[in-house]
Amino acid sequence: KLQADNGAHYIDVNAGAFVFDEVKYMTWLIEVVQGVVDNPLALDSPNPDVLSSGIKILKSPEPPIINSITAEKERYAKILPLLQEHEARVIALCMGDGGMPETADDRLKIAEKLINDLERDGVAPDRVFLDPLIKPVSVNGEFGLQALDTIKGIAGWKTGAHITCGLSNISYGLPKRTFLNQAFIVMAM
């Protein structure tokens, strides 16, 4: 409710802490959230069964956001039908079968593949939110620059796709995270 009151466009719903009963808890969580806000939801799970169960009980006339798809062949094949059937928006993680890429160039290649494949499969670029996969600078100081270079590259394409990210990943493990998060979002914008 606080997120909705403060202008959130979507409310992210994740029941991943209950891996073995995620369908049950996601359904419960969606019902609870929809009981107090009218916002459309972002369904956050790598499990297509969880996403499929959740999408069936959504009340908002706005299409949901599916969080997430990747360029991994198996995951792509399992999530794509939900996007097509429900005209959902999607967070597309810049990750492929080789795992999380190490460089901005590798992320951009995956992002380009995702945009091309999704558009070929009937998902318009304006329904796609590319996520450059921000990793903590506490592990490697270059990770912030890689994310910013990826964002800059995606923004330069003018495809109509959006950019999103797990912003707070940048400061994981560091003190006074709020300040680093604030500085990073300004640089990303």
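The notes below deal with the structure included here.

Conventions used here
- Residues numbered from 1 in each chain as written.
- Predicted model: local features only at pLDDT ≥ 70, side-chain atom pairs only at ≥ 80, totals over all residues.
- Heavy atoms only, no water.
- Buried < 20%, exposed > 50% of the residue type's maximum accessible area, 1.4 Å probe, protein only.
- Helix = DSSP H or I, 4+ residues; strand = E, 2+ residues; numbered from the N terminus.
- Arc of directions from axis to C-beta.
- Contact = heavy atoms within 4.5 Å.
- Polar contact = N/O pair within 3.5 Å; in protein donor to acceptor, adjacent residues only side chain to side chain.
- Phe/Tyr/Trp six-rings, centres within 6.5 Å; stacked < 30°, edge-to-face > 60°.
- Axes fitted to C-alpha atoms, helices over the stretch in contact; angles between N-to-C directions.
- Parallel < 35°, antiparallel > 145°, perpendicular 65-115°, else oblique.
- Left-handed = near helix turned anticlockwise from the far one by under 90°.
- Core = buried A, V, L, I, M, F, W, Y, C linked by side-chain atoms within 4.5 Å.
- Pairing = 2+ DSSP bridges.

### Some points on helix α3 (residues 48–55)
Here is step 1: Among the residues of α3, V50, L51, G54 and I55 are the ones counted as buried. Buried residues of α3 fall within an arc of 120 degrees about the axis and therefore sit on the same side.
Here is step 2: Check the buried side of α3 and you find it contacts α2 (22–36), β2 (41–44), β3 (65–69) and α4 (73–86).
Here is step 3: Regarding α3, its N-cap is N47, as a side-chain oxygen of that residue lies 2.8 Å from the backbone nitrogen of D49 further along.

### Notes on the packing of aromatic side chains
Each aromatic ring pair is specified by the distance between its two centres and by the angle formed by the two planes.
Here is step 1: Applying the stated criterion across every chain yields a total of 1 aromatic pair.
Here is step 2: With a centroid separation of 4.0 Å and an interplanar angle of 15 degrees, the aromatic rings of F18 and Y25 are classed as stacked.

### Looking at the environment of T27
Here is step 1: One can find T27 in helix α2.
Here is step 2: The spacing of T27 and P132 is 105 residues in sequence and 29 Å in space, taken between C-alpha atoms.
Here is step 3: Excluding residues within four positions of it along the chain, T27 makes contact with S53 and I57.

### Regarding the packing of α2 against α3
Describing two packed helices takes the angle between their axes plus the distance from one axis to the other.
Here is step 1: Here α2 crosses α3 at 30 degrees, and the two axes come no closer than 9 Å. The pairing of α2 with α3 is recorded here as roughly parallel in orientation. Both α2 and α3 take part in a crossing whose hand is right-handed. On the side of α2, the interface is formed by E22, V23, M26, T27 and I30, while α3 contributes D49, V50, S53 and G54.

### Focus: the nonpolar core
Most often, soluble globular proteins keep nonpolar side chains buried together rather than apart.
Here is step 1: In this structure, I66, I69, L83, L118, V128 and L130 are the most contacted members of the largest nonpolar core, which totals 35 residues.
Here is step 2: With 6 residues, the single largest contributor to this core is helix α5 (residues 104–120).
Here is step 3: Residues contacting I69, with those up to four places away along its chain left out, are R75, Y76, I79, L80, L83, V90, I91, A92, L93 and L118.
Here is step 4: Among the nonpolar cores identified, the runner-up in size contains 8 residues, and Y10, I65, L93 and L133 belong to it.

### Some remarks on the sheet that holds strand β6 (residues 162–163)
To summarise the sheet geometry, strands pair through backbone hydrogen bonds and adopt either a parallel or an antiparallel arrangement.
Here is step 1: What the 6 strands build is an open sheet, ordered β1-β2-β3-β4-β5-β6; its pairing is parallel. What marks the edges here is a single partner per strand, and that holds for β1 (11–13) and β6.
Here is step 2: Pairing geometry for β2 and β3, over 3 bridges, is parallel. Across the sheet, residue L43 finds its bridge partner in β3, namely I66.
Here is step 3: Lying on the sheet, α2 is in contact with β1 and β2; it crosses β2 at an angle near 165 degrees.
Here is step 4: Contacts between α4 and the sheet are confined to β3 and β4 (89–93), with β3 contributing the most and set at about 165 degrees to the helix.

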